[in-house]
Amino acid sequence: MIRKIVGTLWVLVLLNAVCSANSLELDLMAGTESISGGIHYKDYIESGYYRIGGSVVHTDDDDVEYTLGSLNLTVGSDTLAPGFSCEVGVRGIYGTADDGGYSGDVGALGFTGEAGYLFPTDLIPVPLEVFGGLTWAPSPLSFADTDNYLEFNAGVGLRILRNASIRATYTHYRIEMDSGPGDWDLEEDAFRLGLAMRF
């Protein structure tokens with residue numbers, strides 16, 4: 001699973017090298033029991049921009065273990081208001097989840113949305129950014145052992161350079177599963193700290 005995701009991300013990097021890239025964002029985040037990373041390519045079109053990429057997250061604590069990979073395609077705009085950006089699109093998620101004595105495969109094609117705001121330096125003396133996102137896949141768009149998928153994240157970043165930010169994020173996962181002797185839910189909160197770089 002990890003090799004497939006890393007291979008997909010590597011293909012995206014190679015495609016970016018062939019294309020005249022508008023921007024490429026790499027991020028790596030880590031918490032006490034989890035790690036996540038992603039790569040996204042962003043290109044401007046007449047009415048805004050599109051963003052395509054992928055990410056992977058792995059968590060292994062005492063009772064809960066999951067590995068989730070995702071690919072997403074969104075369209076958005078960063079011209080609605082100065083410093084504000086928003087985007088909507090679709091996101092495919094696949095992976096595995098274990099919680100105590102339960103385990104199963106996670107699969108979903110969800111609706112996703114993100115928004116962010118970079119505070120102007122004349123308002124706040126430090127270049128501070130806030131951002132958040134939501135991914136939801138109802139039962140008809142969930143497959144494998146998954147009945148419903150919900151992921152919410154929020155974070156804050158400090159732009160240490162024009163093209164790099166130190167970020168702190170909170171992510172909440174709620175995945176309804178139907179594998180095992182009965183239905184079960186994976187519900188997890190993850191705090192991570194890391195770096196995002198834009199090229």
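Computed from a predicted structure; not experimentally measured.

(A) How the structure looks around the confidence of the model for the chain. On average, residues of the chain carry a pLDDT of 87, and 88% of them reach 70 or more. Per-residue pLDDT, averaged within each element of the chain, yields its smallest value for helix α1 (residues 2-18) (53) and its largest for strand β7 (residues 128-137) (96).

(B) Just a negative patch on the surface, in detail. Together, E33, D60, D62, D63, E65 and D98 make up a negatively charged patch on the protein surface. By the secondary structure assignment, E33 is in the loop between β1 (23-30) and β2 (34-45).

(C) Seen up close, the pairing of strand β5 (residues 84-99). Here strand β4 (residues 64-81) runs beside β5; their pairing, made up of 15 bridges, is antiparallel. Within the sheet, the bridge partner assigned to V75 lies in β5 and is V88. Across 16 bridges, the pairing between β5 and strand β6 (residues 102-118) is antiparallel. When the bridges of β6 are listed, E87 appears paired with E114. Hairpin connection, β5 to β6: the antiparallel pair is bridged by two residues, and G100 has positive phi, about 65 degrees.

(D) Representation of the nonpolar core. Core analysis: the biggest nonpolar cluster contains 16 residues, and Y66, L68, V106, Y149, Y173, I175 and L186 have the highest contact counts within it. Each residue touching Y149, except ones within four places of it in the same chain, is listed here: L68, I93, V106, A108, T135, W136, A137, S142, Y173, R174 and I175.

Reading guide: rules and limits
Residues numbered from 1 in each chain as written. Predicted model: local features only at pLDDT ≥ 70, side-chain atom pairs only at ≥ 80, totals over all residues. Heavy atoms only, no water. pLDDT = per-residue confidence, 0-100. Helix = DSSP H or I, 4+ residues; strand = E, 2+ residues; numbered from the N terminus. Patch = residues over 30% accessible without salt bridge, like charges linked within 9 Å, V, L, I, M, F, W, Y side chains within 5 Å. Areas by Shrake-Rupley, 256 points an atom, 1.4 Å probe, with all protein chains shown as cover. Salt bridge = Lys/Arg side-chain N within 4 Å of Asp/Glu carboxyl O. Lys, Arg positive; Asp, Glu negative; His and termini not counted. Charge placed at Lys NZ, Arg CZ, Asp CG, Glu CD. Pairing = 2+ DSSP bridges. Core = buried A, V, L, I, M, F, W, Y, C linked by side-chain atoms within 4.5 Å. Buried < 20%, exposed > 50% of the residue type's maximum accessible area, 1.4 Å probe, protein only. Contact = heavy atoms within 4.5 Å.

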